[in-house]
Amino acid sequence: MEYKEKYLPAARGLYNDFLKKNKMFFTKERAQLLDFIFEQKGHFSADELMFEMQKGDVKVSRATLYRSLSQMVEAGILGESDFGHGHTHYEVTVGTKPHVHLICTETGDVKEVQSRKLEDALDDLAMKEGFRIKRYKIQLFGVSKGTR
Ligand SMILES: [Zn+2]
Ligand SMILES: [Zn+2]
């Protein structure tokens, strides 16, 4: 099944729960925005999203967009990361595996990697502290091979 079909309903559920808890409504505009976000590949900034939306027929004000993005982070639908570009990058985290970002400071390229060993180490660390990990965010800044 396609990723969007598979995970969008779960994301809608999370957003709806979040909005209800905060006495807000799952409006048509919010549903449309969430749907649009599920069309994005990988990481995107608010400005990139705004640009894509303006090309399409989704009309949302900048203020609404920023507010909605932070709501979706709180609802557990989006993750935010800082790649040292001076703006926040978002990515859908529903149905995706936690990963580490390798950020090349020369080219700005971002690579996603996963490590079972690292996850085990983090689980072990958390367990010793009586802590349950819900998500993690690890960014490594450096220079990739082949780049000076
Ligand atoms: Zn950027
Ligand atoms: Zn990522």
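Asks: Before we move on, could you go through the overall build of the protein and cite the residues and values that matter?
Replies: Looking only at helices and strands, the protein features 5 helices and 6 strands. Counted from the first residue to the last, the protein has its helices and strands arranged as α-α-β-α-α-β-β-β-β-α-β. Projected onto the principal axes, the alpha-carbon positions of the protein cover approximately 45 × 40 × 30 Å. In the protein, which comprises 148 residues, the share counted as buried stands at 31%. Taking the intrachain contacts of the protein between residues at least 6 apart in sequence as the baseline, contacts between residues at least 24 apart amount to 51%.

Asks: Break down the coordination of the zinc ion (ligand 2) for me, citing the residues and quoting the values.
Replies: Around the zinc ion (ligand 2), the protein contributes the donor atoms His 43 (NE2), Glu 91 (OE), Glu 91 (OE), His 99 (NE2), His 101 (NE2) and Glu 112 (OE), which lie 2.0 to 2.4 Å from the metal centre. Around the zinc ion (ligand 2), the 6 donor atoms are arranged such that angles at the metal cover 55 to 169°; this shape is classified as irregular. The sequence pattern formed by the donor residues of the zinc ion (ligand 2) is H-x47-E-x7-H-x1-H-x10-E. Of this pair, His 43 sits in the loop between α2 (28-37) and β1 (44-45) while His 99 sits in the loop between β3 (88-92) and β4 (100-104); the two residues are 56 residues apart in sequence, bridging distant segments of the chain.

Asks: Outline the coordination of the zinc ion (ligand 1), supporting the account with residue identities and numerical values.
Replies: Coordination of the zinc ion (ligand 1) by the protein comes from His 85 (ND1), His 87 (NE2) and His 89 (NE2), over a distance range of 2.1 to 2.3 Å. In terms of primary sequence, the donors binding the zinc ion (ligand 1) are separated according to H-x1-H-x1-H.

Calculation rules
Residues numbered from 1 in each chain as written. Chains lettered and ligands numbered in written order. Predicted model: local features only at pLDDT ≥ 70, side-chain atom pairs only at ≥ 80, totals over all residues. Heavy atoms only, no water. Helix = DSSP H or I, 4+ residues; strand = E, 2+ residues; numbered from the N terminus. Buried < 20%, exposed > 50% of the residue type's maximum accessible area, 1.4 Å probe, protein only. Contact = heavy atoms within 4.5 Å. Donors = N, O, S within 2.8 Å, 3.2 Å for Na, K, Ca; no water. Tetrahedral: all angles 85-135°; square planar, octahedral: opposite > 155°, others 65-115°.

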